[in-house]
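Residues per chain are reported as follows:
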Amino acid sequence: MASPSQQLPPGWTAEWDPASQRYLFIQASTGRSQWEVPTPAPAQSIDHAPSVSPPPSTTHHGRRRQYAAGQTQVYYGAGDALGDQYGGLGVPQQQQPTATAQLFTPGLAAEGGFAGQQQVPQASYYAPQQEPQYINSPGFGQESTYHPPNAPIHHLTDQFGQMGMGQKPLHLTTTNLLTSPPDPRELVRPPPEIRLPANACITTSPYANADPSYQRCTINAIPTTSSMLNKSKIPLGLVITPYRTLKEGEPPVPVVTDTVIARCRRCRTYINPYVQFIDNGNRWRCCMCSMSNEVPQLFDWDQIRNQPGDRWARDELNHSVVEFVAPTEYMVRPPQPAVYVILIDVSHTAVQSGMVATATRTILENLDRIPNEDERTKVAIIAYDTSLYFFSMPPGTTESTMLVVSDVDDVFLPKPTDLLINLTEARQSLESLLGRINDMFQDNHTVGSAMGPALQAGFKLMAPIGGKIMVLSSSLANIGAGSLKNREDLKILGTSKESGLLQAASPFYKTFAIECSRAQVSVDMFLFSAAYQDVASLACLPHYTSGQTYFYPAFNAARSEDAIKFAHEFGEVLAMPIMLEAVMRVRASKGLRMASFHGNFFVRSTDLLAMPAVPTDQSYAIEIQIEDTLTQPFVVMQTAVLHTTCHGERRIRVITLALPTTSSLTEVFASADQVAIATLLANKAVERSLTHKLEDARDAVHQRLVEILSSYKSSMTSAGAGANAQLAISENLRMLPVLVLGLLKNVGIRQSAQIPPDLRAYAQALLTTLPSQTLIPYIHPTFFSLHNMQPEAGTVGEQGVILPTPLPLTSERLERHGLYLIEDGQTIFLWIGRDAVPQLVMDVFNLPNYEVLRGGKTTLPVLDNDFSQRVNAIIQKTREMRRGVYYPHLYVVKEDGEPPLRLWALSCLIQDRADVLPSYQQFIGQLKDKVNGANNY
């Protein structure tokens, strides 16, 4: 798509922003940036909202259909004029407030607030006279863009402490939450800029500091004392995704193959771009403990060419994320092959739901994708109902023999060999078996599940090697070890006793998990039951063995959507290039200590995290304490993961993050990362709900937000400890209140007496494992208007499919004739209004009118018209754009359709009031009252 630079006024440039898929306009003289296309005369009134995306092509789109009968509401936008698409029926014209289009801005319920709002052009969430500046935009802070309708907040942000480091301090812009509604586009912006002192890094490489998708800190300028950190009330922590997948076009992690690994003799830090070379380059000083170390003899030798090498070209000195091929001293034993033991429930329920047929077909179709580069991978299949069924598959034949073990109280292996088979050697017999398993149990009427004994059998089979157990279960485990009872009690839902349902009912699931961890065995759970299955107990196994839980409630393969979702996710898990036999440790500069750990692993010693198999795109959160005053100008945090690749090579993945220190509270607030803070709070909330009560978890999150706002008011504004009519926060934390509100309304910790324990337990598993990129939409869903999206939305641009502009999460934006997409990374809702014209229904669903359209789980047809193809492209992009294996279901939700489905979709609009939960306006009002009543903390 052509750059709009040709049409810009003098002094302006346009830069493409890949995160939000649109151009950012920058004024060269001031460095000010904005989304809107700049005009030569800024004082001139704008009739229509300007485009915030790359301009559409000037080619004519041909004849377009008119969709709003009688009101000429333009469905695609008339001609090529961007402005016209906002001026149709029910779509408020921005900066032209009318009686019907006027929206109520949260927080202006104070005396005279709404009347005042009627007179200022702030009718819409997206019609500020100037776009807010972002903390990391070019030239940030050179002028304030916040102009509230009432008296401005006078804050103490222009006086910075003398740090003596030479780096330019971050500028702090204060915003008033009462008059500054949430803008979802801010959540895709990068975190605040990391401004290290001059000469902190020995390289000019752009990859010298960790990308936030690998490792990000809640504060990007670390306070020098714990008292200053406590004063800010911002939690200090790291969010780590050490093994994230690579999207197309992303640079791979460099691999150092010469096994020359330079480490500090005292603190064992790996050499990185933040060390210093001394003594003419013969020694290096550790950036964490300042120890002087010898440079290894072969560090400057190119072993491939057998000649002197260029030290400054070494990957570990230029890249913050690097992998070393480990020499033998990093191995307790030789690298083991990858082992997959798949336990398949073949009880009556499992067979009738189609789970067995779908699972066996998926394994068969993905045999070539299972990691097996070295042809050492081993596989076993064990079926179970009330008995265990082993399959002996001798190599070189197509035959397999079924061996039945009915004694589930004392599990034993019926045969010493041919149960765990080499995938390459026994491929034919495995394929033959997978094709027959469903038929073998087609008429099985046995009801019951010996899942515990099946787990014990799988463990016995693979304990000498380690690997991954994948459990597929369709009913409550009720026979043998780990047997469970239905403890779902509707009377205690929503009470203080509910948290008991979220803890393991049987000690077996923790003790067995720790036994697995010790033997390098990881467990993944795939759960399918329509009835209570005790997800809370079963999820203990993945939690302590670094696995993952996948939940398909009321699975029925007769619905193609159910079969496709499970087959896609199970296939991706089978094909995942896992890290085996992993241990992870995070080191930090002197004065910092890793205090507590959140995520799926077992803490083997004080700070060593045991992970039998690290899946891709699983996230971990670590809280950090400041123990001593930090005297260095910057600190370094380094994550090291020692692991075996699934093709049998021992490696160490090292991720290094350097952050400046500061004695200025202003800089602490200006560098706070709202996405990382929300991720850490989600992990802490889940842990607190299990150790205390759900109510305690909600209160703790809410109280932390109040404390941050109170600290900001007393430290950064002229109001100090007194009452204030405004609610101040730094611009870079403006979305934190709505993220906290989304977390409080999430199924995992929401106040409700209607949420089944299994759904709540699964939501908690997601909250503690999803990386930030996937977690944020899970607590703050995405909301698009499709019927009047800009012409380029749904078409392919320079960075792939262009998405529409996200809307604020409120039902005020729902029009009766409209089509909307709401998604949270796990589920996609296509909401259609009751007055949708027949042409829209025909173009999207290939049905004559709204009345014949059925709500519920569906697959959208791809039709031979432009709009259908654009909507399908947006849905496809939504399913693919985030890291992880998840394949969200698509539900069509009719405005007057089934109440449960409508309420489920509307619960994603977190800025609305729901049941006992407040709207965003009410929430901000409550925060203001608490902050004003809090005085000092």
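> What's the story with the sheet that holds strand 38 (residues 856–857) in this structure? I'm lost.
The strands that make up a sheet are held in pairs by hydrogen bonds between backbone atoms, and each pair lies either parallel or antiparallel. Read across the sheet, five strands follow the order 33-36-37-39-38 without closing on themselves; strand pairing throughout is mixed. Bordering the open sheet on either side are strand 33 (782–785) and strand 38, each of which pairs with just one other strand. Pairing geometry for strand 37 (residues 827–832) and strand 39 (residues 889–894), over six bridges, is parallel. Along strand 39, the bridge assignment pairs T827 with H889. Packing of helix 18 (residues 866–880) onto the sheet brings it into contact with strand 33, strand 36 (819–823), strand 37 and strand 39, and relative to strand 36 it is tilted by some 10°.

> Just to check I follow, could you spell out the confidence of the model for the protein for this structure?
Regions with low pLDDT should not have their predicted coordinates read in detail. Looking at the protein, the pLDDT average stands at 83 and 84% of residues meet or exceed 70. Counted against residues more than four places away or in other chains, residues 41–166, with its pLDDT under 50, gives 270 contacts.

> Help me understand the environment of R883, please; the structure alone is not making it clear to me.
When you line up the elements, R883 lands in the loop between helix 18 and strand 39. Counting along the chain gives 266 residues from R883 to D617, while the straight-line C-alpha distance between them is 6.5 Å. If sequence neighbours within four positions are ignored, R883 has contacts with S213, R244, T245, K247, E250, D617, Q773 and T774. A polar contact of 3.1 Å, which involves the side chain of R883, links it to the backbone oxygen of T245.

> Explanation requested: unusual backbone geometry in the structure shown.
What you tend to see is this: most non-glycine residues have negative phi, and most peptide bonds are trans. A positive phi angle is found at T259, which is not glycine, with a value near 55°. Locating T259 in the fold gives a position in the loop between strand 10 (255–256) and strand 11 (276–278). Located in the positive-phi region is S290, a residue other than glycine, with phi close to 70°. Its location among the elements puts S290 in the loop between strand 12 (283–285) and strand 13 (292–294).

> What's the story with the pairing of strand 28 (residues 609–614) in this structure? I'm lost.
For a regular strand, side chains alternate in direction, first toward one face of the sheet and then toward the other. The buried count for strand 28 comes to six of six residues, which makes it a mostly enclosed element. Summarising the sheet, strand 25 (residues 579–588) and strand 28 pair through five bridges and their orientation is antiparallel. Looking at the pairing, A582 lines up with M611 of strand 28. Two strands pair when backbone bridges link them, and strand 27 (residues 602–603) and strand 28 are joined in this way by two bridges, in the antiparallel orientation.

> Where do I start with helix 17 (residues 838–845) in this structure?
An α-helical segment advances 3.6 residues per turn. Residues three or four places apart therefore align on the same side. Looking only at helix 17, the buried set comprises L840, V841, D843, V844 and F845. Projected onto a plane normal to the axis of helix 17, the buried residues spread over an arc of 165° and lie on a single side. Positioned one or two residues after helix 17, N846 has a phi angle of 60°, which is positive.

> I keep staring at the pairing of strand 9 (residues 237–240) and nothing clicks. Help me out?
Of the two faces of strand 9, both are covered, the one formed by G237 and V239 as well as the one formed by L238 and I240. Judged from the three bridges that link them, strand 7 (residues 215–217) and strand 9 form a sheet pairing that is antiparallel. Within strand 9, the residue paired with Q215 across the bridge is I240. Relative to strand 29 (residues 620–626), strand 9 is paired through four bridges, and the arrangement is antiparallel.

What counts and what doesn't
Residues numbered from 1 in each chain as written. Predicted model: local features only at pLDDT ≥ 70, side-chain atom pairs only at ≥ 80, totals over all residues. Heavy atoms only, no water. Pairing = 2+ DSSP bridges. Helix = DSSP H or I, 4+ residues; strand = E, 2+ residues; numbered from the N terminus. Contact = heavy atoms within 4.5 Å. Axes fitted to C-alpha atoms, helices over the stretch in contact; angles between N-to-C directions. pLDDT = per-residue confidence, 0-100. Polar contact = N/O pair within 3.5 Å; in protein donor to acceptor, adjacent residues only side chain to side chain. Buried < 20%, exposed > 50% of the residue type's maximum accessible area, 1.4 Å probe, protein only. Arc of directions from axis to C-beta.

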